[in-house]
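# What the coordinates show
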Amino acid sequence: MPVVIRASLAFFLTSSAVAAPLTFEKDVRPILKAQCFHCHGEEGEPKGGLDVRLVRFLLKGGESGPAIHPGQAEKSHLLKLVKAGEMPKGKNKLKAEEITTLERWITQGAPTARPEPERLGPEHVFTEEERAWWAFQPIRKPKVEIPSGLESAPNPVDVWVAKQLSAKGLKFSPQAEARTLIRRLSLDLTGLPPTPEEVEAFVAASHDPQQAEAAYPKLVDRLLNSNHYGERWGRHWLDLAGYADSDGYTDKDLERPWAWKYRDYVIAAFNQDKPFDAFVREQIAGDELVPQPHRNLRPEDIEKITATGFLRMAPDGTGAMNDKIAQNANIADTIKIISTAFYGMTIGCAQCHDHRYDPITQADYYRLRAIFEPGFNPSSWKTPAARLVSLLTDQEKQIATQIEEDAKKLDAQRLKQQEFFITEVLEKELAKAPEKDRDALRLAYRTEVKKRTPAKVALLKVWPRIQQLSAGSLYLYDTTYRTRHADTLKRMTEEAAAVRAKKPKEEFLHALDEAPMAATVVPATYLFHRGEPDQPQEIVKPSDLSVLAVHRQIEIPEKNPAMPTTGRRLAFAEALTDGKHPLLARVIVNQVWLRHFGRGLVNTPNDFGQLGEKPTHPELLDWLAAEFMEQGWSLKRLHRQILLSRTWRQSSVRDAARDEIDPDNRWLSRMNVRRLDAETLRDGLLAVSGRLNPKVGGKPVPVTFNEEGQVIIGVDTPDTAGRQTGKFIPMNGEDQRRSIYVQARRSTPLEMFAAFDAPAMTDTNCAMRPNTTVSPQSLLLMNNLYMREHAQDLAQRVQSEAGSDGAKQVARAWWLAFQRQPSMAEEQEALHYLHAQKIHYQNHPAPLERASGPGDKRPASSDLLALSTLCHALLSSNEFLYMD
């Protein structure tokens, strides 16, 4: 019969008066699961004979007798051990509040919430409390009830925020002024500041009674329809996907020359407002959506296969050291990316043992891995270079073959001519030797180098001009014999190269393309003992997390007979996006909210589990998630819903009363001031200086080291020993493209990116960037050569647009940098500063500076240098660096 642990009636009456009743399932089991289950119940024979997974097991005890005595905490052996720090062994001592919880629970009689099972089968792995966790519940759209004080048809976002504000004794802040709104909106949606002309037009429209109501919605729509939107919001997704242009894992950090195709896919998907459910399906199973064989692909098929680059973004050491550990690490990191991006859960914590805090078993982890295993196929692992998907069509291959045949004919002609020239020169050189040696010299020269006898080698050494004769050295003899043999051969080589240049360019996809396979050869997935790939245990079948089966059952086939591949990923992707999964829509909506406000509704976007924060506005989160799916999974509709809200348009001005109630602004009574991220900062510098190259897509802009060892944008030209020369290949404006196009090498991030918290993807992926304020940032803004270059470019633009008048220059600089007019005090101070700096540079001439490539060494004008220092100050200021 089930066992129920009950306290005596007298004890219950006295204890309940002084402390809230605790239960094993809700309060104690989570502590024991996190610290004790692994040794005492989960793995093999319980240590000391003690199983702590049920209260009756604790009462039964182990080698030291009963672990607890209900109602008698002071006699309980378990409590004595944890207080003394002897348990858990090898771990930190339990927290004081955890020990207090254990003691209170025992004192209250060690009650359970319900009768315990007779045995612990798979159906009892999780408690009802674990299954009831908010993130695992179905998404249900709550009814919007308009509170008093709001307009009759408010934005639903404002309804849920107002409800929390009212409960906390807070209210909305006034709307931000028009200039602040357009700067905030432009930076938020496009990652670029507005132009002075755009600001003036919006401010004018906002104050025009006939345009005011429509001005802001029109601005939102215009920015959402900008190509820069995809560059800005695609960058957010690339953080989640762990995008990089290199493999990482080893010190070699090998380049991924075709990863950029996936980056461009993401940007295009955001610009096209591709329904997010389709976006997810394509990234998980795009190759399974395209009929086999994957040859002669249509553009729409290429797009789907490109999307699976998502599954190839994890660090991958198998190009440098292809062993079982590197292979397993690559798959494990891919599972981490999937769990972060789509689940918002730390599923990877179950790789070695059951999750210590969330209802995820080790078997769950490997069942999820089994969905992706056939695509990776460790038994037939392909290195990164071997798994690229060629885009060359059969017709293009035929054309390339014919062109190669034509080029080989030219090669043959050149080789024939080359042999004629060599023979001609050889005979002329032999004529200089004694007649008795000529035949021996000719034979020695014509003998293959590795087959020459010592005598032949010695003979040739006596006649070095014969010994060194080759196609590559013919130019040395042209002067002697007044011939042009080398030029003739060079021209013939170039003719063949010109023919080969006509070949169709072969491009590749850095993608996951599962090979067709019969059911009998589908690779098995094993549960690894303690996560070690060398210790496989039982085989597991593909499946989603078992805790989600309470509300939905999905079927993942081991092998779909209707498909050439296993079909596992496609079945999983369809289940994930069927509108019934409790996590996906919540996770995506929370990510969007996080990017708009600087703080998520769940402020641990990669952890919706027990160790993460609970949502501040749970009804709003679910309403937005349900609305997102109902509106066709449209991100742009979601943006519009949020951006048109009163909540988002609030002023960011703080006051003491609000700060006392809500210092972290969790309840959103004002807008958060946010620092620009690394890419937006660099792109903004390029934009205001007038240097931004708007080119979209394509190969990444390369990075390299300069002579001081700093990572810069550019291509160095090393010498024959591989040493840097400091001679950089001209970039032709490529170095001024947006930051999303700068090569993302895990081992060599740009100095500005590293200082301002851009992820280098050395830790797989990034669900939320840190937001630090540290001294190296200020030092970089003051001293970095790129900053001085941006300041010089801005100064030149100001001179071009404002002329030589100081007041006009100051006004234009303020408008370009801050999108506002300087105050009278700011103008006067700036003019005094310019005058002093001009005198300084008249006495101390200096050239303009360039971060890469040769600069003009001639002294620049003192006017330009003075204005550059003012522009440098503006670009380094908080007003430029932060978004109100």
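Residues numbered from 1 in each chain as written. Predicted model: local features only at pLDDT ≥ 70, side-chain atom pairs only at ≥ 80, totals over all residues. Heavy atoms only, no water.

## Section: the overall build of the protein
The helix and strand tally for the protein stands at 36 helices and eight strands. By principal-axis analysis of the C-alpha atoms, the protein measures approximately 125 × 75 × 55 Å. For the protein, the proportion of its 884 residues judged to be buried stands at 52%. Look at the contacts in the protein between residues 6 or more apart in sequence, and 70% of them connect residues 24 or more apart. Here the protein displays about 40800 Å² of accessible surface, and carbon together with sulfur accounts for 53% of that area. Charged side chains in the protein number 116 positive and 117 negative. The centres of these two groups are separated by 3 Å. (Helix = DSSP H or I, 4+ residues; strand = E, 2+ residues; numbered from the N terminus. Buried < 20%, exposed > 50% of the residue type's maximum accessible area, 1.4 Å probe, protein only. Contact = heavy atoms within 4.5 Å. Areas by Shrake-Rupley, 256 points an atom, 1.4 Å probe, with all protein chains shown as cover. Lys, Arg positive; Asp, Glu negative; His and termini not counted. Charge placed at Lys NZ, Arg CZ, Asp CG, Glu CD.)

## Focus: the packing of aromatic side chains
The tally for this structure, following the rule as stated, stands at 23 aromatic pairs. Between Phe-270 and Phe-279, the aromatic rings sit 5.7 Å apart at their centres with planes inclined by 80°, giving edge-to-face as the arrangement. Chaining the aromatic ring pairs together yields one cluster made of Tyr-229, Trp-237, Tyr-262, Tyr-265, Phe-270, Phe-276, Phe-279, Phe-310, Phe-342, Phe-628 and Trp-633. Looking at Lys-168, its charged tip hangs above the ring of Trp-667, at a distance of 4.5 Å from the centre. (Phe/Tyr/Trp six-rings, centres within 6.5 Å; stacked < 30°, edge-to-face > 60°. Lys NZ or Arg CZ within 6 Å of the ring centre and 35° of its normal.)

## Comments concerning unusual backbone geometry
The omega torsion of the bond from Met-87 to Pro-88 falls at -5°, within 30 degrees of zero and hence cis. Here Pro-88 is to be found in the loop between helix H5 (77-84) and helix H6 (96-107). Cis geometry marks the peptide bond from Gln-292 to Pro-293, where omega comes out at -5°. Residue placement: Pro-293 occurs in the loop between helix H14 (276-285) and helix H15 (299-307). Positive phi outside glycine occurs at Arg-530, with the angle close to 55°. With respect to the helices and strands, Arg-530 occurs in the loop between strand E3 (525-528) and strand E4 (536-540). Look at Arg-530 and you get partly exposed, because its relative accessible area is 45%.

## Some words on helix H29 (residues 678-688)
Most of H29 sits inside the fold, with ten of its eleven residues counted as buried. Regarding H29, the residues found buried are Ala-678, Glu-679, Thr-680, Leu-681, Arg-682, Asp-683, Gly-684, Leu-685, Leu-686 and Val-688. Phi turns positive one or two residues past the end of H29, at Gly-690, with a value near 80°.

## So, the packing of helix H25 (residues 584-597) against helix H27 (residues 635-643)
As a packed pair, H25 and H27 sit with axes 11 Å apart at the nearest point and diverge in direction by 50°. Relative to H27, H25 is oriented oblique. Remark: the crossing between H25 and H27 carries right-handed chirality. Counting all contacts with H25, which are made through Ile-588, Val-589, Val-592, Trp-593, His-596 and Phe-597, the residues of H27 involved are Leu-635, Leu-638, His-639, Ile-642 and Leu-643. Grouping the constituent residues of the contact of H25 with H27 by class yields nine nonpolar, two polar and no charged. (Axes fitted to C-alpha atoms, helices over the stretch in contact; angles between N-to-C directions. Parallel < 35°, antiparallel > 145°, perpendicular 65-115°, else oblique. Left-handed = near helix turned anticlockwise from the far one by under 90°. Nonpolar A, V, L, I, M, F, W, Y, C, P; charged D, E, K, R; others polar.)

## Some remarks on the nonpolar core
Ranked by size, the top nonpolar core spans 123 residues in total, and within it Trp-237, Tyr-262, Phe-310, Phe-342, Tyr-343 and Phe-372 carry the most contacts. Apart from residues no more than four positions distant in its own chain, Tyr-343 is found in contact with Ile-338, Leu-368, Asp-544, Leu-545, Leu-548, Phe-572, His-581, Leu-583 and Val-587. (Core = buried A, V, L, I, M, F, W, Y, C linked by side-chain atoms within 4.5 Å.)

## What about the state of the cysteines?
What the rule picks out here adds up to zero disulfides. No disulfide involves Cys-349; its sulfur sits 9.5 Å from the nearest other cysteine sulfur, which is in Cys-352. Left unpaired, Cys-766 is separated from the closest cysteine sulfur, that of Cys-349, by 17 Å. Its relative accessible area of 9% is what places Cys-766 among the buried residues. (Disulfide = S-S within 2.5 Å.)

## A short note on the pattern of salt bridges
Opposite charge on two side chains makes pairing possible when the charged atoms of those side chains draw close. Evaluation of the coordinates by the stated rule reveals 74 salt bridges. For Asp-221, the salt bridge identified is with Arg-640, shortest N-O distance 2.7 Å. Of this pair, Asp-221 sits in helix H11 (residues 212-224) while Arg-640 sits in helix H27, and the two are 419 residues apart along the sequence. The network of salt bridges with shared partners includes Glu-404, Asp-411, Arg-414, Arg-500 and Lys-503. (Salt bridge = Lys/Arg side-chain N within 4 Å of Asp/Glu carboxyl O.)

## Side note on the packing of helix H12 (residues 227-241) against H25
Geometrically, a packed helix pair is captured by the angle between its two axes and the distance between the axes. Axis separation between H12 and H25 bottoms out at 12 Å; the angle between their running directions is 125°. Between H12 and H25, the angle is such that the two are oblique. Both H12 and H25 take part in a crossing whose hand is right-handed. Together, Trp-233, His-236, Trp-237 and Leu-240 of H12 and Ile-588, Gln-591, Val-592, Arg-595 and His-596 of H25 make up the contact between the two elements. For the contact of H12 with H25, the residue count by class is five nonpolar, three polar and one charged.

## Overview of H15
Within the sequence span of H15, burial applies to Asp-301, Ile-305, Thr-306 and Ala-307. Summarising the contacts, the buried residues of H15 are in contact with helix H13 (260-271), H14 and strand E2 (508-509).

## Here's the deal with the environment of Leu-181
Examined against the element boundaries, Leu-181 turns out to sit in helix H9 (residues 178-190). Residues Leu-181 and Met-883, 702 residues apart in the sequence, show an inter-C-alpha distance of 9.8 Å. Leu-181 has contacts with Gln-175, Ala-176, Phe-202, Tyr-216, Trp-648 and Arg-649, leaving out every residue within four places of it along the chain.

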